[in-house]
Amino acid sequence: MKYYPEIKIDIEKVAEFLELPPSRIADLIEKRNLQQNWDEYDNIYRFEGHAPHLEDGTVLIDNHGSFELVRGFPKIKRAMLLEPALKNRFSELESVAVEEKMNGYNVRVVDYKGKLIAFTRSGHVCPYSTERVQNFLKRDFFKDNTDIVVYGEMVGPENPYVQKYVYDIESLDFFVFDMRYKNTGEALSVSRRRELVKEYGFNQTKLFGEFGISEATEKITQIIKELGKKGHEGVIIKDPEMVLQPIKYTCSESNCSDLHHAFKFYNETGRDYLFSRVVREGFQSYEWAESEDDFQKRCLRLGESILRPMKETIAQVQTGERISDDFHIRVRDKKVIYKFKSYLERLGLDVIFGLPEKKGNEYVISVRKINKSTNDKTLAILEGQLWS
């Protein structure tokens, strides 16, 4: 069950800052759409949907009565058919910038009281991400650019949310994909952001190039096919000036990898998540005018990604084992282990942490996230329950 602390905030001052009626702020609090973060971050608040003109996960920082916003990342829509989507979204542009979309979890990083902290998509301060990000970013950047928020992807196998082994990363790494100004959420241009990242020595997502609109479909299709062979996720297609919102386009192999993981925990995963990935396959196959042989390969890949993990789950539950998402995390400060466990439990997750194992100057911990709904549903069906 989620933990909801009692919220303490000056409603009048927040309303003035956000240019909203105080009654609207009070309503957001009453409906739990404005939530207070925990522990040492209790002067940081997050918007959980239905806030006027604010993206989900937007963060409000209360600096003793003065405020600043860290805007949630705008939801990026997906191209199902690439060519018409490009013409529809970017018709007024001469070219688009194409960067890699990496498969991990995204965080926003700011300097808070002399320390870098990492916000998840939902606006929580993740203790694990916050500790790890100290290894990847330098505070000098934030001292020199106090009004900029860094958006990036945490990628690698030692990842509590999306474990991927396809990037030749041993533990976890961070790749910048966006920078935006506080309060307004206005984005830096692709070229300016890439210049800053290079200047300060951060990692960033790969830029495949800028392509004219007339050639973009062919170029991106080639890129996607090559990324698919590596098991990578896809691309983000951007207005170079970042005025128009980007769109994303993904590889079939990535869709099927997502489905393989999701169907292992079939009763936890939202049906929209599952169905949309199947639909993507149909549109991409159509647009690529695949040969019968390539189409059969796609069908086999898609079918296996759905049925094989489900069959394995059923067999595992039949033997009395519990279905779980197993991963490792790596920390320097042992206290972070207990903070992160408490954080996950407050989010309502059932987790089992192993004993810390010292490796060099760090600790490696195995974690099991129990997927209770899938376990219970599978066991009930094995015992004769009907599907309603």
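It should be noted that the structure appears before, not after, this text.
1. A look at the environment of Glu268
Thinking step 1. Relative to the helices and strands, Glu268 resides in the loop between helix H8 (252-264) and helix H9 (271-287).
Thinking step 2. On the accessibility criterion, Glu268 (35% relative accessible area) is partly exposed.
Thinking step 3. Taking the C-alpha atoms as reference, Glu268 lies 6.3 Å from Thr374; in sequence the two are 106 residues apart.
Thinking step 4. A distance of 2.8 Å separates a polar side-chain atom of Glu268 from the backbone nitrogen of Ser373.

2. Some details on the pairing of strand E10 (residues 173-181)
Thinking step 1. Counting buried positions along E10 yields 8 of 9 residues, so the element is predominantly enclosed.
Thinking step 2. Pairing analysis gives 8 bridges linking strand E9 (residues 148-155) to E10, with the strands arranged antiparallel. Directly across from Ile148, in E10, lies its bridge partner Tyr181.

3. Considerations on unusual backbone geometry
Thinking step 1. Although it is not a glycine, His64 adopts a positive phi angle of roughly 55°.
Thinking step 2. Residue placement: His64 occurs in the loop between strand E3 (59-63) and strand E4 (66-70).
Thinking step 3. Phi at Asn183 takes a positive value of approximately 70°, unusual for a residue other than glycine.
Thinking step 4. Note that Asn183 resides in the loop between E10 and helix H6 (190-200).
Thinking step 5. Since its relative accessible area comes to 32%, Asn183 is described here as partly exposed.

4. Digging into the sheet that holds strand E7 (residues 105-112)
Thinking step 1. A sheet is described by the order of its strands in space; here 4 strands give the open sequence E8-E7-E9-E10, paired in antiparallel fashion. Both edges of this open sheet fall to strand E8 (115-119) and E10, since each of them pairs with a single strand only. Averaged over all pairs of adjacent strands, the angle between their axes in this sheet comes to 30°, without regard to strand direction.
Thinking step 2. Of the pairings in the sheet, the one linking E7 to E9 comprises 5 bridges and is antiparallel in character. Residue pairing across strands places Asn106 opposite Glu153, the latter belonging to E9.
Thinking step 3. Together, E9 and E10 form the strand contacts of H6, whose direction differs from that of E10 by roughly 130°.

5. Points about the packing of aromatic side chains
The description of an aromatic ring pair rests on the distance of the ring centres and on the angle between the ring planes.
Thinking step 1. Considering all chains together, one arrives at 14 aromatic pairs under this definition.
Thinking step 2. Ring centres of Phe17 and Phe67 lie 5.7 Å apart, and the angle between their planes is 40°; on these two criteria the pair is classed as tilted. On the criterion of sequence distance, the pair formed by Phe17 in helix H1 (residues 11-18) and Phe67 in strand E4 is long-range, its members being 50 residues apart.
Thinking step 3. Exposure remark for Phe67: the relative accessible area of 12% places this residue in the buried category.
Thinking step 4. Seen from their ring centres, Phe141 and Phe202 are 5.7 Å apart, and the 70° between their planes marks the pair as edge-to-face. One end of the pair, Phe141, is in helix H5 (residues 139-144); the other, Phe202, is in the loop between H6 and strand E11 (207-212), and 61 residues separate them in sequence.
Thinking step 5. One residue, Lys225, lies across the ring of Trp288, its end atom 4.8 Å from the ring centre.
Thinking step 6. The residue whose ring lies beneath Arg298 is Trp288, and the NZ or CZ to ring-centre distance is 5.5 Å.

6. Some points on the nonpolar core
Thinking step 1. Core analysis: the biggest nonpolar cluster contains 38 residues, and Val109, Leu137, Phe141, Val150, Phe174, Met179 and Phe353 have the highest contact counts within it.
Thinking step 2. Element by element, the count of residues in this core is highest for helix H11 (residues 334-346), at 5 residues.
Thinking step 3. Of all hydrophobic cores here, the second largest spans 22 residues; its members include Leu86, Phe90, Ala216 and Val235.

7. Concerning the pattern of salt bridges
Thinking step 1. All chains considered together, the criterion is met by 30 salt bridges.
Thinking step 2. Here Arg298 ties to Glu281 by a salt bridge, and the two come within 2.8 Å at their closest N and O atoms. In this pair, Arg298 sits in helix H10 (residues 292-318) while Glu281 sits in helix H9, placing the two residues 17 residues apart along the sequence. Side by side, Arg298 and Glu281 carry an identical accessibility label, which is buried.
Thinking step 3. In this structure, the salt-bridge partner of Asp326 is Arg368, at a minimum N-O distance of 3.5 Å. In this pair, Asp326 is assigned in strand E14 (residues 324-331) and Arg368 in strand E17 (residues 362-370), connecting sequence segments 42 residues apart.
Thinking step 4. Note on Asp326: relative accessible area 47%, which makes it partly exposed.
Thinking step 5. Overlapping salt bridges bring together Glu131, Arg132, Glu158, Arg330, Arg332 and Glu362 as one network.

Reading guide: rules and limits
Residues numbered from 1 in each chain as written. Predicted model: local features only at pLDDT ≥ 70, side-chain atom pairs only at ≥ 80, totals over all residues. Heavy atoms only, no water. Helix = DSSP H or I, 4+ residues; strand = E, 2+ residues; numbered from the N terminus. Buried < 20%, exposed > 50% of the residue type's maximum accessible area, 1.4 Å probe, protein only. Polar contact = N/O pair within 3.5 Å; in protein donor to acceptor, adjacent residues only side chain to side chain. Pairing = 2+ DSSP bridges. Axes fitted to C-alpha atoms, helices over the stretch in contact; angles between N-to-C directions. Contact = heavy atoms within 4.5 Å. Phe/Tyr/Trp six-rings, centres within 6.5 Å; stacked < 30°, edge-to-face > 60°. Lys NZ or Arg CZ within 6 Å of the ring centre and 35° of its normal. Core = buried A, V, L, I, M, F, W, Y, C linked by side-chain atoms within 4.5 Å. Salt bridge = Lys/Arg side-chain N within 4 Å of Asp/Glu carboxyl O.

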